[in-house]
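Structure assessment
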Amino acid sequence: MIDLETHVRARLEARALDAPDGSGLLTAVHVRRRRLVRRRRIVAGLAVSGMLAAIVPVGLALSDRDDTVRYAAPIPASVPASLPERIADRPVGGYRSAAEAPPGRAGLLVAYSHPAAGPTKGESLVVGVDRRSYRVLPIAETSNAYNSLLSPDGAQVALGEEATDGVLRILDLRSGAVRRYPVGPTGWVRPAGFSPDGRWLACSVAMSQAESGDALAIVDLRTGAVALRGVSVGGAVAFSPDGERLAVDRSDSILILDRGGSYVGGVPSVGPLAGDDAWSPDGKWFLVDHLKPDGDEYTLVAADFHNSPGQPPAPLVFKRPEMDATAGPTFLGWRSDTELVFHEPGVSDSTITVRSVRGGPRTVLTTIPGPFEVEGIDAAGALLRRVDSRQAHEPGYGSRPTSYWVLLLAVGAGAAASVALAARTWQRARSRHRRRAGYVG
Amino acid sequence: MTRGAALPDSFDAYVVGRGRMLLRFAYLLTGDRYLAEDLVQDVLARAHRHWARIERLHQPDSYLRKGVLNQYLSWRRRRSSTEQSVADVPEHHRPGQLDHAAPFAERDELWRTLATLPRQQRAVLVLRYYEDLPDEEIGELLGCSSATVRSHTSRALARLRTTEFAKNVLAGGTS
């Protein structure tokens, strides 16, 4: 044993003489050191870039979610305005939520019940202006969806939830974000009408738990400021085309307020306002729904009866025998100064139609097939002016939104950066440990 | 000591003065001249950044020997894939450079067997028989107990005993 160890020692010492002589070692070390410094800088740069890649998109996404409510009207010409000729049937398994898979701007909001959704369950569907996208609103009850309103540019929905906390909820269809506005002291908040630019929203607000105690709230969706006025709002509130005035339905008259809620005047009326788009684009008329025993008559009433714009056209008459016995037409908006858009129930299918104020044949824009029992409907008023309808072969029920992939990419980059930093930290910790362990001499 | 002033001269002087010592140590560990140079250059390049602190401890030899050892034991980089046992292939030489030990190495079965040992065992032999370190210190360097060091030594020597050279030595002959 001893002999072998001695020989091992001798052999190692002999072989050590064959080691490189170290000439050029100093130059080689400095070359390598400079390369090492460059590599460290690159790694640090990549780590910082990775962190930024993680933080910036997330920040942008979050900031976008926080500031998702846009108010800009007019709507860019690049925004599509097309509806499907026929609403596609409900997919097996149902639609995805607009909050989870934002569809972008919508042209129609339909509160409906459907046999496939169950005998008692209803949903509220938005139909994208790309004529393909279908999503449901994140609210539970169809009856509440009836109160939801689509903004004029189709980008937001004022959710008609039966809120009991006095909070108004606005869903942005482009981002899926929901903004909350404390509006009333308690109880429900019912959206009643958007201003044409989408910035203001008139609501009926419960002032107490009692059903009767309600008030008009005018909410600035940009700042969250709320103007409360002691005006009971039974029906719709229609903003004037310039957004400066509001027409509030008061059964036998129409109350006109300025945007701050101050009284401006009143107009006698033959019926309730036809909806939140009841004020005509030229500002001259209100469209009112004059209910008659045998049907509905939509009549134009002068907005300024002191300076009457002239004799209004004859009412548009919808005779009940033409339609479902229990449901009448619903006014959706203006296609032009003289053309009106309605939802008209039928015996089996219902239709979105265009009618001239001067009468004449109607034009069908979109058909809503029979399985859908429409309980409430609204349209993006500003988009109706140029919306068309085309055949859509492949309905889209909700693929992953772009923000999802951006976030996924950001999370991936963040994870990679974190792993890189963790590896670097571990490497340094190990180096420190080895350094400590190395000083044993 | 500020890095900008005294550090480069001090570091350079150390490399010039003690570089060969490190190269010998690395060569005995790796059994490959190029690998040894690569390893030592790498360790020194990394040490340059912390040279002021290393020097303050007055034990740069110990620190760098530890660095070479760690680098050898955890050699996972580009060269590792090309690292081969010198028992299997002839040693490499720079073009044009004569290696007078080559004919001898061809016959040096003990050396070639040493190259086939696991890294830990080989490191233990080098530290014990070339660096003359006690088992406790070897254990600290390798991050193991002195009992494990003894176990490595025993196994390594047992392996070497299987060579014809060792049989001759044990039988009373000479190498």
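Refer to the structure above for everything that follows.
Keep in mind that this is a model prediction, so the values were computed, not measured.

**Remarks on the overall build of chain A**
Within chain A one finds four helices and 25 strands. The buried share of chain A, taken over its 441 residues, is 49%. Across chain A, the fraction of contacts at a sequence separation of at least 24, relative to all contacts at a separation of at least 6, is 52%. As presented, chain A carries roughly 20400 Å² of accessible surface, and 55% of it is formed by carbon and sulfur atoms.

**Thoughts on the overall build of chain B**
Secondary structure summary: chain B contains 10 helices and zero strands in total. When the helices and strands of chain B are placed in sequence order, the string is α-α-α-α-α-α-α-α-α-α. Counting all 175 residues of chain B, 51% fall into the buried class. Of the contacts made within chain B by residues no fewer than 6 positions apart, 69% connect residues no fewer than 24 positions apart. In the structure as shown, chain B presents an accessible area of about 8300 Å², 51% of it carried by carbon and sulfur atoms.

**Considerations on the interface of chain A and chain B**
Contacts between the two partners involve 37 residues from chain A and, on the opposite side, 57 residues from chain B. For the pair chain A and chain B, the number of links is three salt bridges. Between R32 of chain A and D38 of chain B there is a salt bridge, with the nearest N and O atoms lying 2.3 Å from each other. Scanning the region where chain A abuts chain B turns up nine residue pairs in polar contact (both at pLDDT 80 or more).

**Digging into the sheet that holds strand β12 (residues 226-229) of chain A**
Residue and element names in this part refer to chain A. Strand order in the open sheet formed by four strands is β9-β10-β11-β12, with antiparallel pairing between adjacent strands. Single-partner strands in this sheet number two, and they are β9 (189-194) and β12. The average angle at which neighbouring strand axes cross in this sheet is 25°, direction not considered. Judged from the four bridges that link them, strand β11 (residues 214-220) and β12 form a sheet pairing that is antiparallel. Within β12, the residue paired with I218 across the bridge is A227.

**Let's talk about helix α8 (residues 135-142) of chain B**
Residues and elements named next belong to chain B. Counting buried residues in α8 gives six out of eight residues, a clear majority hidden from the surface. Within α8, burial applies to D135, E137, I138, G139, L141 and L142. In this structure, the buried residues of α8 make contact with α4 (60-73), α7 (119-130) and α9 (146-160). G143 lies just past α8 and shows a positive phi near 75°.

**Focus on the sheet that holds strand β24 (residues 373-379) of chain A**
Backbone-to-backbone hydrogen bonds pair the strands of a sheet. The strands run either parallel or antiparallel. All names here are of chain A. Strand order across the open sheet formed by four strands is β4-β3-β2-β24, with antiparallel pairing between neighbours. Where the open sheet ends on each side, the last strands, each with one partner, are β4 (134-136) and β24. Each strand axis lies, on average, 25° off the axis of its neighbour in the sheet, ignoring direction. Relative to β4, strand β3 (residues 122-128) runs antiparallel, the two sharing three bridges. If you follow V126 over to β4, its bridge partner there is R135.

**Points about the packing of aromatic side chains**
Aromatic rings considered in pairs are described by the distance between their centres and by the relative angle of their planes. One pass over the full model with this rule turns up nine aromatic pairs over all chains. Note on Y298 of chain A and F342 of chain A: the rings are 4.9 Å apart at their centroids and 65° apart in plane angle, and the pair reads as edge-to-face. Remark: F342 of chain A occurs in strand β21 (residues 339-344) and Y298 of chain A occurs in strand β18 (residues 295-302); sequence separation between them is 44 residues. Given the relative accessible area of 4%, Y298 of chain A is considered buried. Judged by relative accessible area, F342 of chain A falls into the buried class, the value being 0%. With a centroid separation of 5.7 Å and 65° between ring planes, the pair formed by F331 of chain A and F342 of chain A is classed as edge-to-face. Remark: F342 of chain A occurs in strand β21 and F331 of chain A occurs in strand β20 (residues 330-336); sequence separation between them is 11 residues. By relative accessible area, which is 5% here, F331 of chain A ends up buried. Connected via pairs of aromatic rings, a cluster forms that spans Y298, F331, W334 and F342 of chain A. Over the ring of Y72 of chain B we find R119 of chain B; its NZ or CZ atom is 5.6 Å from the centre of that ring. Just above the ring of W111 of chain B sits the side chain of R122 of chain B; from NZ or CZ to the centre is 5.3 Å.

**Re the side chain of R135 of chain A**
All names here are of chain A. Residue placement: R135 occurs in strand β4. Buried charge without a salt bridge: R135, with D130 as the nearest opposite-charge side chain at an N-O distance of 7.0 Å. A distance of 2.5 Å separates a polar atom in the side chain of R135 from the backbone oxygen of A101.

**Observations concerning the pairing of strand β7 (residues 167-172) of chain A**
Residue and element names in this part refer to chain A. Burial of β7 is extensive: six of the six residues sit out of reach of the surface. The two faces of β7 match: V167, R169 and L171 on one face and L168, I170 and D172 on the other face are all buried. Where β7 meets strand β8 (residues 178-182), five bridges bridge the pair, whose relative direction is antiparallel. Paired with R169 across the strands is R180, a residue of β8. In textbook terms, the turn of a hairpin is the stretch between consecutive antiparallel strands, and for β7 and β8 this stretch comprises five residues, one of which, G176, has a positive phi near 80°.

**Concerning unusual backbone geometry**
Among all residues except glycine, the phi angle is most often negative; among peptide bonds, the trans geometry is most common. Positive phi is not limited to glycine here, since R131 of chain A has a value of about 60°. Notably, D132 of chain B is not glycine yet its phi reads approximately 55°, a positive angle. Its location among the elements puts D132 of chain B in the loop between α7 and α8.

**Considerations on the side chain of T299 of chain A**
Residues and elements named next belong to chain A. If you trace the backbone, T299 turns up in strand β18. Overall, T299 belongs to the buried group, its relative accessible area being 14%. Those residues in contact with T299 that lie beyond four places of it in its chain are V270, F286, L287, V288, H290 and P315.

**Topic: the pattern of salt bridges**
Note that side chains of opposite charge can pair when their charged atoms are close. Here the structure, examined in full by the defined rule, presents 20 salt bridges over all chains. Note that R90 of chain A and E123 of chain A form a salt bridge whose closest N and O atoms lie 2.9 Å from each other. Note that R90 of chain A is positioned in the loop between β1 (82-84) and β2 (106-113) and E123 of chain A in strand β3, a separation of 33 residues in sequence. Summarising the burial analysis for this pair, R90 of chain A and E123 of chain A share the class buried. When the shortest N-O distance is used, the salt bridge between D388 of chain A and R390 of chain A registers 3.1 Å. Classification of D388 of chain A as partly exposed rests on a relative accessible area of 25%. Shared partners join several salt bridges into a network, and the residues in it are R32 of chain A together with D38, D42 and R46 of chain B.

What counts as what
- Residues numbered from 1 in each chain as written.
- Chains lettered and ligands numbered in written order.
- Predicted model: local features only at pLDDT ≥ 70, side-chain atom pairs only at ≥ 80, totals over all residues.
- Heavy atoms only, no water.
- Helix = DSSP H or I, 4+ residues; strand = E, 2+ residues; numbered from the N terminus.
- Buried < 20%, exposed > 50% of the residue type's maximum accessible area, 1.4 Å probe, protein only.
- Contact = heavy atoms within 4.5 Å.
- Areas by Shrake-Rupley, 256 points an atom, 1.4 Å probe, with all protein chains shown as cover.
- Salt bridge = Lys/Arg side-chain N within 4 Å of Asp/Glu carboxyl O.
- Polar contact = N/O pair within 3.5 Å; in protein donor to acceptor, adjacent residues only side chain to side chain.
- Pairing = 2+ DSSP bridges.
- Axes fitted to C-alpha atoms, helices over the stretch in contact; angles between N-to-C directions.
- Phe/Tyr/Trp six-rings, centres within 6.5 Å; stacked < 30°, edge-to-face > 60°.
- Lys NZ or Arg CZ within 6 Å of the ring centre and 35° of its normal.
- Lys, Arg positive; Asp, Glu negative; His and termini not counted.

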